[in-house]
Amino acid sequence: MAAGLRTHRRQVLVTFAVAVLAFFISPWLVPNRAFQLLATVAAGTLVWDAKNIRRFYRSLFSIKSFELTERIGGSWLLRVPQLAFCAIIGIFLVGILFSPIDLIWAYNVLAVSLSALAICLLIPTFHRASGFIGRWLQGLPGALRWSIGGALMVALATVQTAIGHSVQFVTDWDAGMIFKSAAALATGEASTLDEDYYSMYPNNIMLALVLKEYLTVMHALQVPDLYLSAIVANAVVMTVSVLLTFLVARRMAGYAVAVFAMIPCAVFIGISPWISVPYSDTLGMIFPILLVYLFLLARSSTRPAAVLALWAAMGLVAVVGFFVKPTVIFVLIAAVAVNFLTKSIKRDGFRPIAFAALSTVVALAAFFAGSTAIKTAETNSGALTFNLKDNDKEFPATHFLKMGAQGLGGFNVDDVIETKAIEDPSERFQNGIDVYAERVGEMGPWGYVNFLFDKGKSFLGDGSFFAWGEGMARKPVDLEAKDPLSVSLQQYFDFTGSDFQFLRSFWQAFWLVVLLLVAAPFLLRDRRLFGAAASVVRLTLLALVVFLLLFEARSRYLYMYIPFFILLASLTVSAAMRRVKAVEAAETASPPPSAGFGQQPVRS
């Protein structure tokens, strides 16, 4: 016992010494504080958990590991698009690593790449700790487990609110327009929405009216800071999205994966300056992950009536999400496709196919009924000075198509002026097609491919999701919060803060690892990586990426789908752990007598 205590003490001392050494050496190698922190943690962990880390990577990249690659079953209509998505992410990741787009907040590529490597080294230890916590949670009584979860969610929302308050200000783009409109209606300073803006972008009417109802309650309660109350609502929605991510991951792969998923959730949702922008990119985060959760409930239910009710709920959630951010429809479409393609008449008979068709009809009926109800509510709100049905000022989809074919595919004020100046809706629609065709024609086939590659790198390659670059301000602002805590937080979360680059590099390093794990199933084939829910998530993201490649693209458009990226990354880690265990089991087991040298038993 004394010898074991001495060994443990020696391990602690060596771990501490190596971590301190890494802390002082890393800035000399690469002067970057994020790298210094991650290198210190990684160095100490490499000593403390050396056996586990060495075993993980030795087994994962062994020849035996590749021999154990599983053939993905199911319809090729599900397999091919998902593998294509993994390949697309992998290609863009290579471009981001070796030829990144110089965005407004540039980062040290070497430091971030080395930081990402340090995070990769920590993955086995993170997963091991997640497994321990997951087993502990699983053994607790349900009421206690939910109490702990509730306390953690309250803590997360509190942290988010503190961050949001520290850098709060009303922006001068769409998010600011919607808040100002909602606040003016709530306080009685205005009785209608601005016709010029909302007639061009009627997709933002519902969000403005819902926010108005919430702010009316806050105003009635005499809350002095309505914008801070909107930030609190933002924090609640994003926190519930984190909770749903945990619940979805638990249903898909168990407690260990669910706990592991909370690490990137904390990085990208828990400590993001986006919390201070109550807009569709953040308030809409709940809809995609809620749809996947309802899909999982429907897949596991054995009662037909309950299944149909859940599909009806999916239709309603999808239509509300659609009126917040139209790309939410991709989730419902993917769910319908997977619901059909995971069934086979030859294997299951005709009844499951017929029931899948009935489920689809129910979901679509709920969607279109909800759409009619929302449009009616908007028309009868009394806040519109124009007729939605006869609105001839709305910007058509082709406007965003032509904007998506210039620069890096982002906002272009000249395109907006041109589209707005065209009075006839049909001419406005055709103008978008003509300008798009003209721009693509000038690039030529190869030039357009290069353009799409750069465009993809720009919106996929930013781990901050262009916070402050376009999402919060286009110029320095005087932040209102002056209390000591807010001033301290501003050093990290305000782009003019002394420590903003630290967090910028931190986010970027974690994002590169997430993209790597999302792309990895192209090589790390595992049947459980391509289950029904994972297929819905991948197909949704594939549709989103293709959509953004063609139409207006901005990094923040990915933000509401952060839970999807986190789910896929966490599932990959779980699959890698299973592969490591399988390799170890295969290495310790003796080969069957009939197997010759170099032969392996055939896997079913």
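The rules behind each value
- Residues numbered from 1 in each chain as written.
- Predicted model: local features only at pLDDT ≥ 70, side-chain atom pairs only at ≥ 80, totals over all residues.
- Heavy atoms only, no water.
- Helix = DSSP H or I, 4+ residues; strand = E, 2+ residues; numbered from the N terminus.
- Rg over C-alpha atoms; globule rule 2.2 N^0.38 Å.
- Buried < 20%, exposed > 50% of the residue type's maximum accessible area, 1.4 Å probe, protein only.
- Contact = heavy atoms within 4.5 Å.
- Phe/Tyr/Trp six-rings, centres within 6.5 Å; stacked < 30°, edge-to-face > 60°.
- pLDDT = per-residue confidence, 0-100.
- Patch = residues over 30% accessible without salt bridge, like charges linked within 9 Å, V, L, I, M, F, W, Y side chains within 5 Å.
- Areas by Shrake-Rupley, 256 points an atom, 1.4 Å probe, with all protein chains shown as cover.
- Salt bridge = Lys/Arg side-chain N within 4 Å of Asp/Glu carboxyl O.
- Lys, Arg positive; Asp, Glu negative; His and termini not counted.
- Charge placed at Lys NZ, Arg CZ, Asp CG, Glu CD.
- Axes fitted to C-alpha atoms, helices over the stretch in contact; angles between N-to-C directions.
- Parallel < 35°, antiparallel > 145°, perpendicular 65-115°, else oblique.
- Nonpolar A, V, L, I, M, F, W, Y, C, P; charged D, E, K, R; others polar.
- Expected span 1.5 Å × (residues − 1).
- Left-handed = near helix turned anticlockwise from the far one by under 90°.
- Polar contact = N/O pair within 3.5 Å; in protein donor to acceptor, adjacent residues only side chain to side chain.
- Disulfide = S-S within 2.5 Å.

A. Just the overall build of the protein chain, in detail. Within the protein chain one finds 25 helices and zero strands. Radius of gyration (C-alpha) of the protein chain: 26 Å, near the 25 Å computed for a compact globule of 604 residues. Overall, the protein chain is about 80 × 65 × 60 Å in size when its C-alpha atoms are taken along their principal axes. Looking at the protein chain as a whole, 53% of its 604 residues qualify as buried. Considering only contacts in the protein chain between residues 6 or more positions apart, those separated by 24 or more positions represent 81%.

B. Quick peek at the packing of aromatic side chains. Counting across every chain of the model gives 31 aromatic pairs. Ring centres of Phe179 and Tyr227 lie 4.7 Å apart, and the angle between their planes is 90°; this geometry places the pair in the edge-to-face category. Taken together, the positions of Phe179 in helix α8 (residues 174–187) and Tyr227 in helix α11 (residues 226–253) put the pair 48 residues apart, joining distant regions of the chain. The two residues Phe179 and Tyr227 agree in class, both being buried. An angle of 70° between the planes, with centres 5.1 Å apart, marks the rings of Phe465 and Trp511 as edge-to-face. With Phe465 in the loop between α21 (425–460) and α22 (484–493) and Trp511 in helix α23 (residues 500–519), this pair connects stretches of sequence that are 46 residues apart. In this structure, Phe465 and Trp511 share a single accessibility class: buried.

C. Quick look at the confidence of the model for the protein chain. When pLDDT is averaged along the protein chain, the result is 90, and 95% of the positions lie at 70 or above. Every residue in residues 593–604 scores below 50 in pLDDT, and together they form seven contacts with partners more than four places removed in sequence or on other chains.

D. Quick peek at a negative patch on the surface. A contiguous patch of negative charge on the surface is contributed by Asp390, Asp392, Glu423, Asp424 and Glu427. The topology assignment puts Asp424 in the loop between α20 (413–421) and α21.

E. Just the packing of helix α14 (residues 286–300) against helix α15 (residues 304–324), in detail. Here α14 crosses α15 at 170°, and the two axes come no closer than 9 Å. Taken as axis vectors, α14 and α15 run roughly antiparallel relative to one another. Along the contact surface, α14 presents Phe287, Leu290, Leu291, Leu294, Phe295, Leu297 and Ala298, while α15 presents Val307, Leu310, Trp311, Ala313, Met314, Val317, Ala318, Val320, Gly321 and Val324. Per-class residue counts for the contact of α14 with α15 are 16 nonpolar, one polar and no charged.

F. Up close: the pattern of salt bridges. By the definition in use, this model includes 15 salt bridges. For Asp415, the salt bridge goes to Arg439, with nearest N and O atoms at 2.8 Å. A residue pair is termed long-range when its members are at least 10 positions apart, and Asp415 in helix α20 and Arg439 in helix α21 qualify at 24 residues. Linked by salt bridges that have partners in common, Asp281, Lys325 and Arg556 make up one network.

G. Inspection of α15 at higher detail. The terminal C-alpha atoms of α15 lie 30 Å apart, and with 21 residues this matches the ideal 30 Å at 1.5 Å per residue to within 8%. Buried within α15 are the following residues: Ala306, Val307, Leu310, Trp311, Met314, Gly315, Val317, Ala318, Val319, Gly321, Phe323 and Val324. Looking at the packing, one finds that the buried side of α15 touches α10 (205–220), α13 (280–283), α14, α16 (329–341) and α18 (350–379).

H. How the structure looks around the packing of helix α6 (residues 109–138) against helix α12 (residues 255–270). α12 packs onto α6 with a crossing angle of 125° between their chain directions and a minimal axis gap of 7 Å. Considering their axes alone, α6 and α12 lie oblique with respect to each other. For the element pair α6 and α12, the recorded crossing hand is right-handed. Along the contact surface, α6 presents Ile123, Phe126, His127, Ser130, Gly131, Ile133, Gly134, Leu137 and Gln138, while α12 presents Tyr255, Ala256, Val259, Phe260 and Ile263. Of the residues in the contact of α6 with α12, the class split is nine nonpolar, five polar and no charged.

I. Spotlight on the environment of Thr69. Relative to the elements of secondary structure, Thr69 occurs in the loop between α4 (63–67) and α5 (76–98). For the pair Thr69 and Arg527, spaced 458 residues apart in sequence, the C-alpha to C-alpha distance is 9.5 Å. Excluding anything up to four places from it in sequence, Thr69 contacts Leu523, Arg525 and Arg579.

J. Main features of unusual backbone geometry. Phi at Phe465 takes a positive value of approximately 55°, unusual for a residue other than glycine. One non-glycine residue with positive phi stands out, namely Phe466, at about 60°.

K. Region of interest: a nonpolar patch on the surface. Residues Leu21, Ile25, Trp28 and Leu29 make up a contiguous nonpolar surface patch of roughly 490 Å² in combined accessible area. Mapped onto the elements of the fold, Ile25 is located in helix α1 (residues 2–29). Overall, Ile25 belongs to the partly exposed group, its relative accessible area being 35%.

L. Local environment of α10. For α10, spanning 16 residues, the distance from its first C-alpha to its last is 22 Å, which sits close to the expected 22 Å at 1.5 Å a residue. Phi turns positive, to about 60°, at Gln222, one or two residues after α10.

M. Layout of the side chain of Thr15. Along the chain, Thr15 falls in helix α1. Among all residues touching Thr15, those that are not within four sequence positions of it are Gly44, Val47 and Trp48.

N. Here's a closer look at the environment of Tyr198. By the secondary structure assignment, Tyr198 is in helix α9 (residues 195–200). Counting along the chain gives 147 residues from Tyr198 to Ile345, while the straight-line C-alpha distance between them is 48 Å. Apart from residues lying up to four places away in sequence, Tyr198 is in contact with Met177, Ile178, Ser181, Leu193, Asn204, Ile205, Ala208 and Phe386. For Tyr198, the side chain forms a polar contact with the side chain of Ser181, separated by 3.0 Å.

O. Representation of the state of the cysteines in the model. In total, this model carries zero disulfides according to the counting rule given. We note that Cys120 lacks a disulfide partner, and the nearest cysteine sulfur, in Cys86, lies 16 Å from it. The thiol of Cys265 is not disulfide-bonded; the next cysteine sulfur, from Cys120, is found 18 Å away.

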